[in-house]
Amino acid sequence: MTTSPAATGPDDRPTATAQGRARVRAIAPDLARGLMLLLIALANMPWHLFGRETALTSMHHVDGSLGDHAWQAIAIVAVDGRSYPLFAFLFGYGIWQLYRRQLAAGATSREARRLLRRRHWWMLAFGAVHAALLWVGDIIGAYGLVGLLVGWIFLERRDRTIVVWAWILGALLVLGAAATAVMGVLAGALGIDVEGDDAAIPSIAGIDSYTASILARLGMWAIVAPTQGVLGLVVPIAILLAILAARHGILEEPERHRTLLTRVAVAGVAIGWAGGLLALAEHLGSFDALPSWTFSLMHVATGLPAGVGYAAVFALVAARMARRPLGVVGRSLTAVGKRSMTSYLVQSVLFAPVLSAWGLGIGGVLTEWQGALYAVGVWLVTVAVAVALERAGRPGPAETLLRRLAYPADARARPTPVAAGAAPAASAGAAADARG
């Protein structure tokens, strides 16, 4: 199912309405990716700090100044566990865009699916290298893995089938979160110690040997990638929802779907932030009688509606921006979004060597609010890089390399999908990604 064709005037030129929709189609997903990469930088920052006691289920410090606590409140409620579902949604949206554009350019369904498989295998390889060299929380590989599975099982399924499976997986996610909360409450009521004294997440950033850090990162990434990408259910559900949205052109034509987007934005953000407030209360010690993991899965589960809600918010913003010429901010954000994988990897280059103990070790000195400011600065550097590449008319280096590796010569000649750089899941993707 594809979007409706653009309206044309009597001379076959696009009308003003069609021109506006074309511009929204160009900026909405990329605008969201550009802003998402800021959230990813902020979400990843605590994992690059070391030397202080952290909470048992996160990398947030248990002590700190008023500024640290203020930033923790913002991060736990609105950022942590909310950025990677957003990127998963945008990644899934890009999968369908790529598939559709390849068909429109003359590829057969089999050729388009083969191209997607190669691309996702290469993303998995990119993720392994990224994890080994710099960032344990890489999600490029995680999204590549789930892309392989979703592309194999669901890409050409009917809408109804995808909806049914999204509901099934969503129900499992909610049941898992509820069961975890019930077990935690029961353990607390019975006075059962289910944690011990050494349950804190280890800080790989504090390893002072680069060789040792490689082994540690790869070992943890081998667990994190399939867990976060597939077994956690959030990413597969977000991708299924994104494929449905892409089939109906939700982000390309937000003006036509304003009511739906508004409802999703309000409900998604409200549910996500409510779950974040519960996690914040847990972090602040409001439930000391309960195990520290009691509401952790609830925080993860509510991150899914928050991420989809954020995507809806960005689409509505893009719709407003399309009514007037794009300003400096809009052009800069879309430039980053077009090069999301490159921007995601640049974040790691500016984070790991500067902050890790095997590098300059600055992560052992910064407090959390100072780390957040550094993350914003890193994101601004990626914006500057993306804008420079945009002015030069060049794609991101990571996107170029992925395309050369994954696409045969004839496919490279076809139009580049809007989401070609969305692989990072973080990465940029995520962004991709990161443990947002």
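Residues numbered from 1 in each chain as written. Predicted model: local features only at pLDDT ≥ 70, side-chain atom pairs only at ≥ 80, totals over all residues. Heavy atoms only, no water.

Engineer: Account for the packing of helix α8 (residues 234-247) against helix α10 (residues 296-321), naming residues and giving values.
Structural biologist: How two helices pack is summed up by the angle between their axes together with the distance between the axes. Running from amino to carboxyl end, α8 crosses α10 at an angle of 25°, the nearest separation of the two axes being 10 Å. When the axis of α8 is compared with that of α10, the two are roughly parallel. Once α8 is placed against α10, the crossing between them reads as right-handed. Of α10, the residues touching α8 (which contributes Val234, Ile237, Ala238 and Leu241) are Val300, Leu304 and Val308. (Axes fitted to C-alpha atoms, helices over the stretch in contact; angles between N-to-C directions. Helix = DSSP H or I, 4+ residues; strand = E, 2+ residues; numbered from the N terminus. Parallel < 35°, antiparallel > 145°, perpendicular 65-115°, else oblique. Left-handed = near helix turned anticlockwise from the far one by under 90°. Contact = heavy atoms within 4.5 Å.)

Engineer: Describe helix α6 (residues 159-190), with residues and values.
Structural biologist: Three- or four-residue spacings in an α-helix give side chains the same orientation, since the helix completes a turn every 3.6 residues. Between its terminal C-alpha atoms α6 stretches 46 Å, which fits the 46 Å expected from 32 residues at 1.5 Å a residue. Every buried residue of α6 is accounted for by Ile162, Ala166, Leu169, Gly170, Leu173, Ala177, Thr180, Ala181, Gly184 and Ala187. Of the surrounding elements, those touching the buried residues of α6 are α8 and α10. Gly191, located one to two residues past α6, shows a positive phi value of around 70°. (Expected span 1.5 Å × (residues − 1). Buried < 20%, exposed > 50% of the residue type's maximum accessible area, 1.4 Å probe, protein only.)

Engineer: Could you give an account of unusual backbone geometry, with specific residues and numbers?
Structural biologist: The phi dihedral of Leu233 is positive, around 70°, even though this residue is not glycine. Residue position: Leu233 is located in the loop between α7 (210-231) and α8.

Engineer: Now, about the packing of aromatic side chains: what can you tell me, with residues and values included?
Structural biologist: To describe a pair of aromatic rings, one takes the distance between the centres and the angle between the planes. Counted according to the given criterion, the structure contains 8 aromatic pairs. Look at Phe351 and Tyr374: their rings are 6.0 Å apart centre to centre, the planes differ by 40°, and that puts the pair in the tilted class. On the criterion of sequence distance, the pair formed by Phe351 in helix α12 (residues 340-355) and Tyr374 in helix α13 (residues 368-391) is long-range, its members being 23 residues apart. Accessibility expressed as a relative area gives 1% for Phe351, which makes it buried. Judged by relative accessible area, Tyr374 falls into the partly exposed class, the value being 27%. A network of ring pairs unites the aromatic residues Phe87, Phe91 and Tyr143 as a single cluster. Lying over the aromatic face of Trp96, Arg247 brings its terminal NZ or CZ to 4.6 Å of the ring centre. (Phe/Tyr/Trp six-rings, centres within 6.5 Å; stacked < 30°, edge-to-face > 60°. Lys NZ or Arg CZ within 6 Å of the ring centre and 35° of its normal.)

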